Amino acid sequence: NLITRKVRNFLIQGAKDGYEWAWADTGGTDKTSSTELTEAINSMFQYYAASNICYAYLSDVRPNDPATEAPSWDSSEIWQLVGSEWHHRGWTLQELLAPHNVAFMSRDWTLLGNKYTLADELEVATTIPASVLRLEEEFATMSIATRMSWAAQRKTTRVEDEAYCLLGIFGVNMPTIYGEGRN
């Protein structure tokens, strides 16, 4: 099972990095309880922001050459990173913006770099300025139109999630009502 393998590898990586506690957003929210679902969606951005590290698993990216200590991207590898499906999912935008430390892991859980070291490549992939990713500039100081543009090409499974995945990025809390469509 892919999710089980992903969570197991996440826990192994966290333990290697010295962490005793971990949180994975792969499920666990009772979606039949509108109260629990609303609380989870409204709190998710804060969970990421309060984390010591967020591991972004890029299942479609091959690892770097292990002979190099730091990422040394050639043009095809940069395209692979920039083109990763992770950059096109709605909910991953808050995973990128909220935490101070995001470690990008390849499909075999090799460290590709973090949002600071990969800021230039991530800017190409997301249009989010490298200065924001390097925490030199607060994303909240960017205009609403700019922040909306970061989400414009992202996809979600449910149409309502197009809005819900942006709540923390705009500092908004609201009840969630699945079935409301684009309203």
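Caption draft 1: Structural detail: helix α2 (residues 34-50). The terminal C-alpha atoms of α2 lie 24 Å apart, and with 17 residues this matches the ideal 24 Å at 1.5 Å per residue to within 8%. A maximum bend of about 45° is found in α2 at S43. Among the residues of α2, those classed as buried are L37, T38, A40, I41, N42, S43, M44, F45 and Y48. If you follow the buried residues of α2, they end up packed against β1 (54-57), α4 (92-97) and α8 (161-164).

Caption draft 2: View of the sheet that holds β1. Reading across from one edge, β1-β2-β3 is the order of the 3 strands in this open sheet, with mixed pairing throughout. The sheet terminates laterally at β1 and β3 (111-114), the two strands that pair on one side only. The mean inter-strand angle of the sheet, taken between neighbouring strand axes irrespective of direction, is 25°. For strand β2 (residues 102-105) and β3, the ladder comprises 3 bridges, and the chain directions are antiparallel. When the bridges of β3 are listed, M105 appears paired with L111.

So, how was this worked out
Residues numbered from 1 in each chain as written. Predicted model: local features only at pLDDT ≥ 70, side-chain atom pairs only at ≥ 80, totals over all residues. Heavy atoms only, no water. Helix = DSSP H or I, 4+ residues; strand = E, 2+ residues; numbered from the N terminus. Expected span 1.5 Å × (residues − 1). Bend = angle between axes of the 7 residues up to and from the residue. Buried < 20%, exposed > 50% of the residue type's maximum accessible area, 1.4 Å probe, protein only. Contact = heavy atoms within 4.5 Å. Pairing = 2+ DSSP bridges. Axes fitted to C-alpha atoms, helices over the stretch in contact; angles between N-to-C directions.

Purely geometric stuff here, so don't read any function into it on its own.
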